[in-house]
Amino acid sequence: MSLDGLPPLREVIERHGLQAKKSLGQNFLLDLNLTGKIARTAGDLSTTTVLEVGPGPGGLTRALLANGAARVVAIERDERCLAALADIAAHYPGRLEIISGDALKTDFATLANGAPVKIVANLPYNIGTELLIRWLTGPVWPPFYASMTLMFQKEVAQRIVARPGSEAYGRLGVLAGWRTEARIAFDVPPQAFTPPPKVTSSVVQLLPRENPLPADVRTLGRITEAAFGQRRKMLRQSLKGIEGMRLLEATGIDGTRRAETLDIAEFVALANAV
């Protein structure tokens, strides 16, 4: 028995021959209680366009629509999944738009059509971090979305929410903490997926800060990349290639410190000194 009158997901996968492809980073989430929990974590969707990446057979898509999403735009690269998604679109007339294409080549801001947007997705493992960095480093801020509710491998989720001084703190934690407030909402065990991945996953929610500390996003990206690229080295070594000593002197930051000890404000100061 399904929650929305559509066939159970296992049946959908069987009927359409949708075995998950490792090359596409696919792990299908079949537990409708969990997909419902993700949709509810995203908050009120009744006046919102939800952008979903990698819907696969549509488990989360169905949960978003069942939880009242006004409109869902789902971007799917795997053409095998399109027929299953078309069945969902027919069940929810006028509320699901399916785009067959590559998320890495998609201009997400233009899909909003001026409506409020939330990004909600069980991101394919192989492109999740790259997409998040793009959404965090857009040239326009506040961004086109009101929130992001995203599933990652737990290790990546911990890097997103990491604070200075912690083992997981790095470039991702600086960029996410600079422009958003990020939290881990809950963990998802491997057995909730088909096929089960070898690791636990986590759902992360990111809410854009209205006024993040001003900095040039590209410069901040370069600074964090250099600093954490050689994280065991002192800053005077790791920043050598980008006038490190001058930047450290200009900001009063001790060059014998290591990257993971700097807070976001200090990275912003270094970027602004460039």
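Up top is the structure these notes are about.
Summarised in this report is the structure supplied together with it. Within every chain, residues take consecutive numbers counted from 1 along the sequence as written. Totals for whole chains, interfaces and linings use every residue, but because this is a predicted model, local features are given only for residues with pLDDT of at least 70 and side-chain atom pairs only at 80 or more, for both listing and counting. Only hydrogens and water are removed before side-chain values are computed, so all heavy atoms of the structure are retained for them.

1. So, the overall build of the chain
Step number 1: Counting its regular elements, the chain contains 12 helices and 9 strands.
Step number 2: In terms of overall dimensions, the chain is globule-like: its C-alpha atoms have a radius of gyration of 20 Å, near the 19 Å expected for 274 residues.
Step number 3: Partly exposed residues are those whose accessible area sits between 20% and 50% of the maximum for their type, while under 20% is buried and over 50% is exposed, using a 1.4 Å probe and protein chains only. Out of the 274 residues belonging to the chain, those deemed buried represent 51%.
Step number 4: Long-range pairs, those at least 24 residues apart, make up 70% of the contacts in the chain between residues at least 6 apart in sequence.
Step number 5: Total accessible area on the chain stands at roughly 12600 Å², and carbon and sulfur atoms take up 51% of it.
Step number 6: A residue counts as positive if it is Lys or Arg and as negative if it is Asp or Glu; His and the chain ends are not included. Positions of charges follow a simple convention, taking NZ of Lys, CZ of Arg, CG of Asp or CD of Glu. Side chains of the chain give 32 positive and 27 negative charges; the mean places of these two sets differ by 4 Å. Every helix listed is a DSSP run of H or I at least four residues long, and every strand listed is a run of E at least two residues long, numbered separately from the N terminus. Note that the radius of gyration is over C-alpha atoms, with the globule rule given as 2.2 Å times the number of residues to the power 0.38. It only takes one pair of heavy atoms within 4.5 Å for two residues to be counted as in contact. Only the protein chains shown count as cover for residues, and the accessible areas themselves come from Shrake-Rupley with a 1.4 Å probe.

2. Overview of the packing of aromatic side chains
Step number 1: Note on ring pairs: Phe, Tyr and Trp rings are taken, using the six-membered ring of Trp, and paired if centres are within 6.5 Å. Classes follow the plane angle, with under 30 degrees stacked, over 60 edge-to-face and the rest tilted. The tally for this structure, following the rule as stated, stands at 5 aromatic pairs.
Step number 2: Between the aromatic rings of Tyr-169 and Phe-228, the centroid separation amounts to 5.8 Å while the plane-to-plane angle is 90 degrees, which identifies the pairing as edge-to-face. Residue Tyr-169 is located in the loop between helix H7 (154–161) and helix H8 (171–179), and its partner Phe-228 is located in helix H9 (residues 217–229); the two are separated by 59 residues in the primary sequence.
Step number 3: On the basis of relative accessibility, which here comes to 0%, the residue Tyr-169 falls in the buried class.
Step number 4: Members of the aromatic cluster, joined through ring pairs, are Trp-141, Phe-144 and Tyr-145.
Step number 5: Directly above the aromatic system of Phe-186 lies the positively charged group of Lys-37, at a separation of 4.3 Å from the ring centroid. Definition used: whenever NZ (Lys) or CZ (Arg) falls within 6 Å of the ring centre and also within 35 degrees of the ring normal, the charge is taken to sit over that ring.

3. A few points about the nonpolar core
Step number 1: Put simply, buried Ala, Val, Leu, Ile, Met, Phe, Trp, Tyr and Cys residues joined by side-chain atoms within 4.5 Å make one nonpolar core. Core analysis: the biggest nonpolar cluster contains 56 residues, and Trp-135, Leu-150, Ile-160, Leu-206 and Phe-267 have the highest contact counts within it.
Step number 2: The greatest single-element share of this core, amounting to 6 residues, is contributed by helix H12 (residues 264–273).
Step number 3: Setting aside residues up to four positions removed in sequence, Phe-267 forms contacts with Tyr-169, Val-174, Leu-220, Ile-223, Thr-224, Ala-227, Phe-228, Ala-259 and Leu-262.
Step number 4: Ranked by size, the runner-up nonpolar core spans 35 residues in total, among them Leu-9, Leu-18, Ile-88 and Val-188.

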